[in-house]
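So the chains spell out like this:
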Amino acid sequence: MDDNQHLECSYSEDLFGDYESLLADESLMAKLDQADKMLASGDDRLLSESVAEAPDADTAREGWPHGRQETKRRKVHESSAPHRSSPRRSVSDRVKKMLRCNAAAPASSSRCVAMKEAALSHEIGGAVRAVEAARTAHANDLGPFFGLPAKVKELLFTLRGIRSLYAWQETCLGLDCVTARRNLIYTLPTSGGKTLVAELLMLRELLCRNNNCIFVLPYVALVQEKVRGLAGLGLELDFLVEEYAGSKGRFPPVNRRDRRSLYVATIEKAHALVNALVEDDRLRSVGLMVVDELHMLGEGSRGALLEITLAKVLHLSRDTQIIGMSATLGNIGELQTFLNAENYHDDFRPVRLKEYVKLADGIYEVDAKEDQPFRLCRRLELKYSSAMQKVDPDHIIALVTEVIPKHSCLLFCPTKKNCENVAVMICKYLRRDFLQHRQADKEALLRQLKECSGGRMCPLLGKTVPLGVAYHHGGLTADERTLLEDAYAAGVLCLIACTSTLAAGVNLPARRVIVRAPLVARDAVKTSQYKQMAGRAGRAGLDSEGESILILQEAQRDQAKALLCAPVENCYSCLLADDRKSLLGFILSLVGLKVALRVEDLEEFVRGTLLFVQRQRAGVHLEDVLRQGLDLLKVKGLVHVQGHALQVTHLGRATFKGCVNVSHSEILYQNLQQGLEGLLLNSFLHLIFLVTPYDLAATCTPDWMTFYTQMSLLSSSELKMCAAVSVPESLVARKAAGQSVSKSANMCAVKRMYLSLVLMALLKDGDVWGVAQKFQLSRGFVQSLLGSAAAFCSCVLHFTQELDTLWPYRSLLEALTRRLSYCVKAELVPLMEVAGVMEARAKQLHAAGYTTLTHLANADAALLVRTLERLSRKQANQMVASAKMLLNEKAAALQQEVDHLLTRPPDLPD
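Everything numeric in this text was worked out from a predicted model, so none of it was measured. (Residues numbered from 1 in each chain as written. Predicted model: local features only at pLDDT ≥ 70, side-chain atom pairs only at ≥ 80, totals over all residues. Heavy atoms only, no water.)

1. Focus: the overall build of the chain
- Counting its secondary structure elements, the chain contains 45 helices and 19 strands.
- The 910 residues of the chain split such that 51% are buried.
- Taking the intrachain contacts of the chain between residues at least 6 apart in sequence as the baseline, contacts between residues at least 24 apart amount to 73%.
- With an accessible surface of roughly 41400 Å², the chain has 50% of that area assigned to carbon and sulfur atoms. (Helix = DSSP H or I, 4+ residues; strand = E, 2+ residues; numbered from the N terminus. Buried < 20%, exposed > 50% of the residue type's maximum accessible area, 1.4 Å probe, protein only. Contact = heavy atoms within 4.5 Å. Areas by Shrake-Rupley, 256 points an atom, 1.4 Å probe, with all protein chains shown as cover.)

2. A closer look at the sheet that holds strand β13 (residues 495-498)
- Ordered by their spatial adjacency, eight strands build an open sheet running β10-β9-β8-β17-β14-β11-β13-β12, and the pairing between neighbours is mixed. Strand pairing shows two members of the sheet lacking a second neighbour, β10 (374-379) and β12 (469-472), which therefore form its edges. Between one strand axis and the next, the sheet turns through 25° on average, direction left out of account.
- Pairing geometry for strand β8 (residues 352-359) and strand β9 (residues 362-366), over four bridges, is antiparallel. What sits directly across from K358, in β9, is I363.
- Taken strand by strand, helix α22 (residues 478-489) contacts β11 (409-412), β12 and β13, and its axis lies near 135° from that of β12. (Pairing = 2+ DSSP bridges. Axes fitted to C-alpha atoms, helices over the stretch in contact; angles between N-to-C directions.)

3. Some points on the nonpolar core
- Counting 121 residues, the largest nonpolar core has L310 and F707 as its most contacted members.
- At 12 residues, helix α37 (residues 747-765) tops the list of elements feeding residues into this core.
- Formed by 75 residues, the second largest nonpolar core is a distinct cluster that contains L449, A503, W769 and A840. (Core = buried A, V, L, I, M, F, W, Y, C linked by side-chain atoms within 4.5 Å.)

4. A look at the environment of M202
- Within the secondary structure, M202 is located in helix α12 (residues 194-207).
- Setting aside residues up to four positions removed in sequence, M202 forms contacts with C213, F215, L262, L288 and V290.

5. Quick look at the environment of G234
- Looking at where G234 falls in the secondary structure, it is placed in helix α13 (residues 220-237).
- Sequence-wise, G234 and L262 are 28 residues apart; in three dimensions their C-alpha atoms are separated by 8.7 Å.
- If near-sequence neighbours (up to four positions away) are discounted, G234 is found in contact with F239 and M885.

6. With respect to the pattern of salt bridges
- Going through the model one piece at a time under the given rule, you end up with 41 salt bridges.
- Residue K248 is joined to E243 by a salt bridge in which the shortest nitrogen-to-oxygen separation is 3.5 Å.
- Here K248 falls in the buried class, since its relative accessible area comes to 18%.
- The class for E243 is buried, based on a relative accessible area of 12%.
- Notably, a salt bridge pairs R438 with D441, separated by 2.7 Å at the nearest N-O pair.
- Taking relative accessible area as the criterion, D441 reaches 28% and is therefore assigned partly exposed. (Salt bridge = Lys/Arg side-chain N within 4 Å of Asp/Glu carboxyl O.)

7. Quick notes on the packing of helix α34 (residues 704-711) against helix α36 (residues 729-736)
- Running from amino to carboxyl end, α34 crosses α36 at an angle of 145°, the nearest separation of the two axes being 8 Å. The way α34 lies across α36 gives a crossing that is left-handed. Contacts between α34 and α36 involve W704, M705, F707, Y708 and M711 on the former and, on the latter, E729, V732, A733, K735 and A736.
- Taken together, the residues that form the contact of α34 with α36 break down as eight nonpolar, no polar and two charged. (Left-handed = near helix turned anticlockwise from the far one by under 90°. Nonpolar A, V, L, I, M, F, W, Y, C, P; charged D, E, K, R; others polar.)

8. A short note on α37
- For α37, which comprises 19 residues, the first-to-last C-alpha distance of 27 Å matches the rise-based estimate of 27 Å (1.5 Å per residue) to within 8%.
- For α37, the buried fraction is high: 14 of the 19 residues fall into the buried class.
- Phi turns positive, to about 65°, at G766, one or two residues after α37. (Expected span 1.5 Å × (residues − 1).)

9. Description of the packing of aromatic side chains
- Per the counting criterion, the structure on display carries 11 aromatic pairs.
- Between W704 and F707, the ring centres sit 5.8 Å apart and the planes meet at 20°, which makes this aromatic pair stacked. Of this pair, W704 and F707 are both found in helix α34, three residues apart, which corresponds to roughly one turn of the helix.
- Look at F707 and you get buried, because its relative accessible area is 0%.
- Summarising the aromatic geometry, the rings of Y754 and F775 are spaced 5.6 Å apart at their centres and angled 75° between planes, so their arrangement reads as edge-to-face. Here Y754 is found in helix α37, whereas its partner F775 is found in the loop between α38 (768-774) and α39 (779-801), with 21 residues between them in sequence.
- Site record: aromatic cluster; members linked through ring pairs are W704, F707, Y754 and F775.
- It is R779 that lies over the ring of W769; its NZ or CZ is 4.2 Å from the centre. (Phe/Tyr/Trp six-rings, centres within 6.5 Å; stacked < 30°, edge-to-face > 60°. Lys NZ or Arg CZ within 6 Å of the ring centre and 35° of its normal.)

10. Some details on the sheet that holds strand β2 (residues 212-217)
- Strand order in the open sheet made by the seven strands is β3-β4-β2-β5-β6-β1-β7, with parallel pairing throughout. The open sheet has two edge strands with one neighbour each: β3 (240-244) and β7 (341-345). Pairwise comparison of adjacent strand axes, ignoring direction, gives a mean angle of 15° for this sheet.
- Sitting on the sheet, α12 is in contact with β1 (183-187), β2, β4 (261-266), β5 (286-292) and β6 (321-326), with an inclination near 160° to β2.

11. Thoughts on the confidence of the model for the chain
- Taken residue by residue, the chain gives an average pLDDT of 85. The fraction at 70 or more is 84%.
- Overall, residues 105-112 carries pLDDT values under 50, and its contacts beyond four positions in sequence, including any with other chains, amount to 10 contacts.
- Considering only residues more than four positions removed or in separate chains, one finds that residues 133-141, a stretch of pLDDT under 50, has 17 contacts. (pLDDT = per-residue confidence, 0-100.)

12. As for the packing of helix α15 (residues 300-316) against helix α25 (residues 577-592)
- It is at 10 Å that the axes of α15 and α25 come closest, and there the two elements cross at 30°. Taken as axis vectors, α15 and α25 run roughly parallel relative to one another. As α15 runs across α25, the sense of the crossing is right-handed. For the pair α15 and α25, contact is made by S301, A304, I308, A311 and K312 and by S582, F586, S589 and L590, respectively.
- The residue makeup of the contact of α15 with α25, split by class, is five nonpolar, three polar and one charged. (Parallel < 35°, antiparallel > 145°, perpendicular 65-115°, else oblique.)

13. Side note on the pairing of strand β18 (residues 639-642)
- Pairing of β18 with strand β19 (residues 645-648) involves four bridges; the strand directions are antiparallel. Directly across from H640, in β19, lies its bridge partner Q647.
- Here β18 hands over to β19 after two residues, with G643 in that stretch at a positive phi of 65°.

14. Some points on the environment of P728
- Here P728 shows up in the loop between α35 (716-724) and α36.
- Residue P728 is classed as partly exposed on the basis of its relative accessible area, which comes to 27%.
- Once the C-alpha coordinates of P728 and V750 are considered, the two residues, 22 residues apart in sequence, prove to be 8.8 Å apart.
- For P728, the residues in contact, after removing those within four places along its chain, are C722 and A723.

15. Things to note about unusual backbone geometry
- The peptide bond linking F251 to P252 adopts the cis configuration, its omega dihedral lying at -10°.
- By the element assignment, P252 lies in the loop between β3 and β4.
- One non-glycine residue with positive phi stands out, namely H395, at about 60°.
- Among the secondary structure elements, H395 is positioned in the loop between α17 (386-391) and α18 (396-401).

Structure (C-alpha cells):
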C-alpha cells in the first residue's frame, strides 16, 4: 500500500474539525504549527522519533487482531523514518496522515461510535505528547541569553544593575557538563560572582525545562536575603520563590500543576523538604539542587545533614542535577567522587586583592610563592603619643584612619567583647570632623535603632555611630544588625568592628579589611576562615583594588606563614561525629522512607556518601558501623529488625518526620506522654518547656539568683508542674545559695526550665531588651533562643502528628509555633511574614497604614521611600516584590485546594 492509499478515508465527517474545541486553548493544530516553526530550520529526526513513540490507534482499540497491530506499528515506524530524497512534509501533515490511517482501519462490528471517539481522543493525546517532547528537546533554544529569554537579561539590568557577565561566568555557563546536565562543583574567590551563575542555571531549569529547584544556603539571614532578591525575577518570569527557614515552609510542598517553584532553604529545611518529596514520590520534580558554601559539608552536625541530603538526591533522583559552589575547598577530588561531579575553578576576582601583615610598625606585603613570604613595603606614618601607645599598641587607629571616612573598613576581632572595646577605643581618638560626615543620616540611624529597641539605645552604639563606627556580633538583635548592615552598605557607617561570622553571612565588602589577630575566640583561625575574612576586601564597581592586613605579634610570625601559605583545609565527612548521632538519623530516615527495606539496601545506600569515599581515612568498617547503628535504633525502639528485613516503629516514624534528633526522641516522647496526665493550660510554661530545644541547654549557664527570683514569682500550679518535670524549687534555691545538689539531679531539665522562663517572659512582654536584662543574657542570644524554639516547636508538632496518642497537642502546638515565630502584637504578624521584614520595619509600615499583606503587595515603592525613614528604593522594591510573591503563593495554595475539592474522584464507583 503506497502513501496515496494511506491518505484515503472512508469517513464523511471532518476528523479534525473538532480538535480545537476538544483541547480548548491548547489546540493540537496550534501546537503542530508552533512545532513546525520551531523545527523549520533543523533536522526532522527528533520529531519523527517522538511521533513514532506516540501510541497508535491499534493499541487503544483492545479488540483489534494482534497481526493488524503489528503491521500498523511497523508501517508507522516506516512512515516516520527520515527520507533524505523525499520532500519535507510539515509536522501537521504527518500527524494528520497518521490519524487518518488509523481512523480508516476496519473496526470490529461490535464497536460503537463512542469507542471510536475514545480511540481518536487517545491518539490526539499521543500526538500532543509527541509535539511536547519536541518542544522540550529544543528547550535550550528558548532565547539568546545563555538559553534564556532576552527578558532575563533586561531584568538583570533593571533589578540588579548587571549589564554583562564576566568572562569566567560565560565560560562556566557554556561548559559541556552544564549543557548535558551533569553535576558540577565550581570554586572561585569571595566576591567573584558565583551566585549569579547559580541563579541563571536555576532560571534555565525553571523556565526551559519546567522543573522545580532547591537553593540551599547555610543561614536564615542569607535565605531571607535571597528570597527578597529573587522575588522580583519570580514575579516577572512567573515562578514562585518559597522560603524554607526557621518555622517557615510547607511539608510536603504544594504540588502545583501550572507553576514551578524555587525553594530557598537552610540546610535543616532542605533535608526536611527532600524527605517530604521522597515520601510523596515527587523528588524527580526537582530538576536542579544548588548548594552554596559546599565546604559546610565538614562543619559538624549541619555538615552531616547536608551530606545526608545530597546522598538521598544522588541515589533517588538521577534526573536531578547538583551544583555545588564555594570559595574554599581543599580535597576537591574526594568531593567530586562523592557527587559524581566535574570541577571548574578560576582565580578571578573583580577587584584585585593585596594581602599584607603588620609586625610592629611595619607593613609587609605577602607573596605566598616566595620562600620568605613577607616583604617590607612601608612604615606607619601616624605618630603615637605614649598614652596612645598604651591604649592602642597594635596601631589599629593608624590603620583605620588611612581609609575612613572616605572609604569603608571592616575590622575582624576574635571575641564579641573585643569588638565593642575596639570600636569605643577608636572613637576616642578620631577627629571631630568625623561627626559632620553624613550627619543627618547618622541621626536618622540612631532614631531607628532606638525605635527598634522599644525606645532604648545601646550606650556603646550611641557613642560610636555619630562618628561613623559600630560593632557587629551575635549579641545584637536581628533588627539592629540589619540596620547597621544597611547603613554600612549605604556609606553612612565607614567602619564596623565585627566577629568572623560576618564574613560568612551577608555580603558587605570593604576597601580595607583588618584582621585583629590570627584567632577566633581562643582558637587559631583556619585558612578557610582567614580567606573568607580577607576576601571581603575590594568593592566591585567602587574600588580598583582591595587590601587585607593581618596584625601579628613577633611570636606569631611562623604561625602566620603557615596560615597564609598553606592550602585550605580538607573537607571531611561528619557522619560519625558526635557519637554517630547523624548516622543514626540517616539510617532511621532511610528505613522510615522505605528506601531501605533490608540491611543490604542500607549498605548500598551508604556507598553513595562522602563517608564511604573517605572510609580508609576514617578507619572504620562501614558494614559493622551500620549494624551497630541498627542495634542501637532497635534498643531505642525506633526500628524493627527481623533477619535482614527493616521496618520503622511508630516512634521512629514520628522521629524522622519531625526531624527530631535520635538522642532526644525518647525523652521528648516521655515528656509529652507525662504531660498528657496533667498538662498545665492556665499558663504557657508547660507547653514552652516541652518545645525548648535540648541542644541549647548545654550552652546555657543560668544565673541562679535570677532563676530563683523568677521561680518565686510562679503560681502554685506552675511550681507543681516544675516539680513534676524534675525541677523543684528547692533545687534552684540550693544552687542560688551556692550549695551543692544531688548528682542525680536532671541538670538538662533544670537548664531547659531556665530557658523556658526566658521564653515565657518574652511571650508576655514581647520586650527582648527587658527580658535580656532580667535574665543576664545578651539580647541577641534571647532572640536566637526565640527563633530556635519556634523551629523546634514546628518539629514537635510534626512529631505529634504521627502519634495518635498525642493528638491533644496538635492544635496547641500549631498556635504556639505561630506565637514563637513572631512574638509581636497580632496586627504585625501579617507584615512580618514577608521575608526580611523585622519588627521595627513592621511597626513603621503599620503606622503608615500598610496593615495587611495585601496592602504591602499593592504598595507603590516610590511612596514607601518617601513615607518610611531610611528606606532605599532597592529595599522598597524588594519588599513589595516579596509581599506580592508571598500573596501569590498563598493564593496558589488556596486555588490548588479548591481544584482538588472540585475534581471528580478517579475511584468513583460506576
